[in-house]
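# Summary of the model geometry
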Amino acid sequence: MHYPVSIRSYGYSINKRRFVQPQAVLEEDWTLLILEEGSFRYSLGGQEGEAGPGEVLLGPPGVALAREALTAMNIHYLVFRPSRPEGQTLLERITRGGTYRFPVADRSRLLSSLRLIKPCSDRREEAALAAATHYLYDLLLLIMHEISEESDPSPAIPDPRMLTARRWLEANAFGEARLVELAHDLGISQVTLTRQFKAAFGTGPKEYLTALRLEKAKALLTDTDFTLEHVASLCGYDNGYYFSRIFEKTVKLRPSVYRRIYRF
């Protein structure tokens, strides 16, 4: 398949504490930085700010990008360029108005794409670059989709309480996230929470919580040698047995089988 963008290089760093090049200008290529964990300060095209987990920074060619790590980071770094006119059009639409930082609302899809692209890090084989290009293009389409939704006045704005609920779930997903406590804090019943959350986001709070936990579990299974008990604890589960049951029920594979199949 011929994509409208062509990837030049892709790297993924864990526990990165500084940028080798604090400032860079690429004359022909675009830069895409995506944080899984940590934060950094940036200056790009007249914008200054801090990027955090789940945020994408898109740097156009010929524009100086300065960055400084604020904490240890797990970060993806992609360099690419348009290979067809529709690729250039897509990038121009995304950055229209001089916006270069994009918080991604669909964290589940973002984390899924990042998990699948990781094995391509620092590989130059044609197959690895083709796979990385596929997931890069998917990420660009995701950003474009969310921008289009934000600019379309027709969709209803979610209840502010449900936005609060989603942020709470994301902040507490890997600890003791009890929906009954969330409902109490919002001043509604757990049944009402479930109904309103599903109406706002298309999925229930329990399912959303499970998706967040299992995406992290998939990354830990493929990127580390942690035991299932340790993976379970890091993802908010009390024990490996219960974690394995939920994982197999949702993913349709036992965690050990998933690790064997998808680990590179």
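Attention in this report is confined to the structure presented alongside it. (Residues numbered from 1 in each chain as written. Predicted model: local features only at pLDDT ≥ 70, side-chain atom pairs only at ≥ 80, totals over all residues. Heavy atoms only, no water.)

### Quick look at the pattern of salt bridges
In this structure the tally under the stated criterion is 14 salt bridges. For R41, the salt bridge identified is with E68, shortest N-O distance 3.1 Å. Placement of R41 in strand β4 (residues 40–44) and of E68 in strand β7 (residues 65–69) is noted, with a sequence separation of 27 residues between them. In this structure, E181 and R178 form a salt bridge, with 3.2 Å as the shortest nitrogen-oxygen distance. A relative accessible area of 39% places E181 in the partly exposed class. R178 sits in the partly exposed class, given a relative accessible area of 45%. Each of R8, E28, D29 and R81 takes part in a single network of salt bridges with overlapping partners. (Salt bridge = Lys/Arg side-chain N within 4 Å of Asp/Glu carboxyl O. Helix = DSSP H or I, 4+ residues; strand = E, 2+ residues; numbered from the N terminus. Buried < 20%, exposed > 50% of the residue type's maximum accessible area, 1.4 Å probe, protein only.)

### What to know about the pairing of strand β3 (residues 30–37)
Across the eight residues that make up β3, a large majority, seven, are buried. Pairing between β3 and strand β8 (residues 73–82): seven bridges, direction antiparallel. Paired with E37 across the two strands is N74, which belongs to β8. Strand direction decides the pairing type here: β3 and strand β6 (residues 55–59), joined by four bridges, are antiparallel. (Pairing = 2+ DSSP bridges.)

### Section: a positive patch on the surface
On the surface, K206, R245, K249 and K252 cluster together to form a positively charged patch. Take K249: it is sitting in helix α9 (residues 240–251). The exposure class of K249 is exposed, given its relative accessible area of 64%. (Patch = residues over 30% accessible without salt bridge, like charges linked within 9 Å, V, L, I, M, F, W, Y side chains within 5 Å. Areas by Shrake-Rupley, 256 points an atom, 1.4 Å probe, with all protein chains shown as cover. Lys, Arg positive; Asp, Glu negative; His and termini not counted. Charge placed at Lys NZ, Arg CZ, Asp CG, Glu CD.)

### Here we look at helix α7 (residues 205–223)
An ideal rise of 1.5 Å per residue puts 27 Å on 19 residues; α7 measures up with 27 Å between its terminal C-alpha atoms. Most of α7 sits out of view: 14 of its 19 residues are buried. (Expected span 1.5 Å × (residues − 1).)

### A few points about the sheet that holds strand β9 (residues 101–103)
The five strands lie next to each other as β1-β8-β3-β6-β9, forming an open sheet whose pairing is antiparallel. This sheet does not close on itself; its edge strands, each paired only once, are β1 (5–16) and β9. With direction set aside, neighbouring strand axes in the sheet form an average angle of 15 degrees. Of the strand pairs in this sheet, β1 and β8 are connected by nine bridges, and their pairing is antiparallel. (Axes fitted to C-alpha atoms, helices over the stretch in contact; angles between N-to-C directions.)

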